[in-house]
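Listed below, chain by chain, are the residues.
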Amino acid sequence: LEIVPNSDRSTWFGSYVGPLLYREVSGNFVIETLVSAEDFNYPMSPPPNDYTSAGLIAVDPNNVYDSFAVVVGTHQDSADYGPETKWTNDGTTTVNACNTQDFELRVRICRVGDARRGYYYSQSDAGWCEALNGSNNPARISGLLPDTVWIGNIAQHYPRLPSSILRARFDYTTGTTD
C-alpha cells in the first residue's frame, strides 16, 4: 500500500484530523505494519520537511479528537527522524519522539484491557522497543479510548507544507483481536 497525502489537511495533531484507512475493532487488539516515510522525489530517503510521518493510529469513532498513534518520520528538526508516539485527548496532542535515524520501521500498537502500548522494531537495539519509557508513557494511560475504535494506516504532514512531499509505503499491515 502506498499513500501520498495530497492535501494541506493531512495531519492527525491537536484539532487537525486527516485521511484514515481504518477498520473498526472492539476489545483487545494488536496491529503491526512495516512502514517507510520517504521523500516523494527521492525514494529510500527520509522526508525533507519537519513533521512528516506515516504509521498506525487508533481513533475514538465518537470523538476523532481522541487518538493514539505510533509513526515514523521527521520531527521538529528534519535532520532528526525515527519513531514518534502521539496521543491526543480532546484536541490536545502530546508527542514523544526518538531520534534513531530510521525512516523505515516495523511499528505496532496494541491494547490489552485499559493498557495502550506502542512499539517499534529497532535493528540497532536488536528487537522490539517500547515507543516511550517512563512514568509519562502515553501508551499506559488508562481510559483514553473506548472499547470500539478505528485502527489503521496514516500518512501525514504539517498543514502548511506543500502537497506531495511524502510517500508512505506500507509493506504489510496485519492484526488480531479477541
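Provided above is the structure to which this section pertains.
Turning next to the sheet that holds strand β1 (residues 2–3). Hydrogen bonding along the main chain pairs the strands of a sheet, whether they run parallel or antiparallel. Across the sheet, which stays open at both edges, the six strands sit in the order β1-β12-β3-β8-β9-β10 with antiparallel pairing between neighbours. Single-partner strands in this sheet number two, and they are β1 and β10 (127–130). Across two bridges, the pairing between β1 and strand β12 (residues 166–177) is antiparallel. Residue pairing across strands places E2 opposite R169, the latter belonging to β12.

Before going further, it helps to spend a moment on the sheet that holds strand β7 (residues 92–97). Within the open sheet, the six strands sit side by side as β2-β11-β4-β5-β6-β7. Their pairing is antiparallel. Every other strand in the sheet has two partners, leaving β2 (21–26) and β7 as the edge strands with one partner each. On average, each strand axis in the sheet is tilted by 20° relative to the strand beside it, whichever way the strands run. Where strand β6 (residues 81–89) and β7 come together, six bridges link them in antiparallel fashion. In the strand pairing of β7, K86 is matched with V95.

Right, let's get into the pairing of strand β11 (residues 148–157). The side chains of a regular strand alternate between the sheet's two faces. Judged by how many residues are buried, β11 sits mostly within the fold: nine of 10 residues are covered. Note that β2 and β11 share six bridges and pair antiparallel. Among the inter-strand pairings, S26 is bridged to a residue of β11, identified as T148. Pairing between strand β4 (residues 52–59) and β11: eight bridges, direction antiparallel. Paired with G55 across the strands is I154, a residue of β11.

Basis of the calculations
Residues numbered from 1 in each chain as written. Predicted model: local features only at pLDDT ≥ 70, side-chain atom pairs only at ≥ 80, totals over all residues. Heavy atoms only, no water. Pairing = 2+ DSSP bridges. Helix = DSSP H or I, 4+ residues; strand = E, 2+ residues; numbered from the N terminus. Axes fitted to C-alpha atoms, helices over the stretch in contact; angles between N-to-C directions. Buried < 20%, exposed > 50% of the residue type's maximum accessible area, 1.4 Å probe, protein only.

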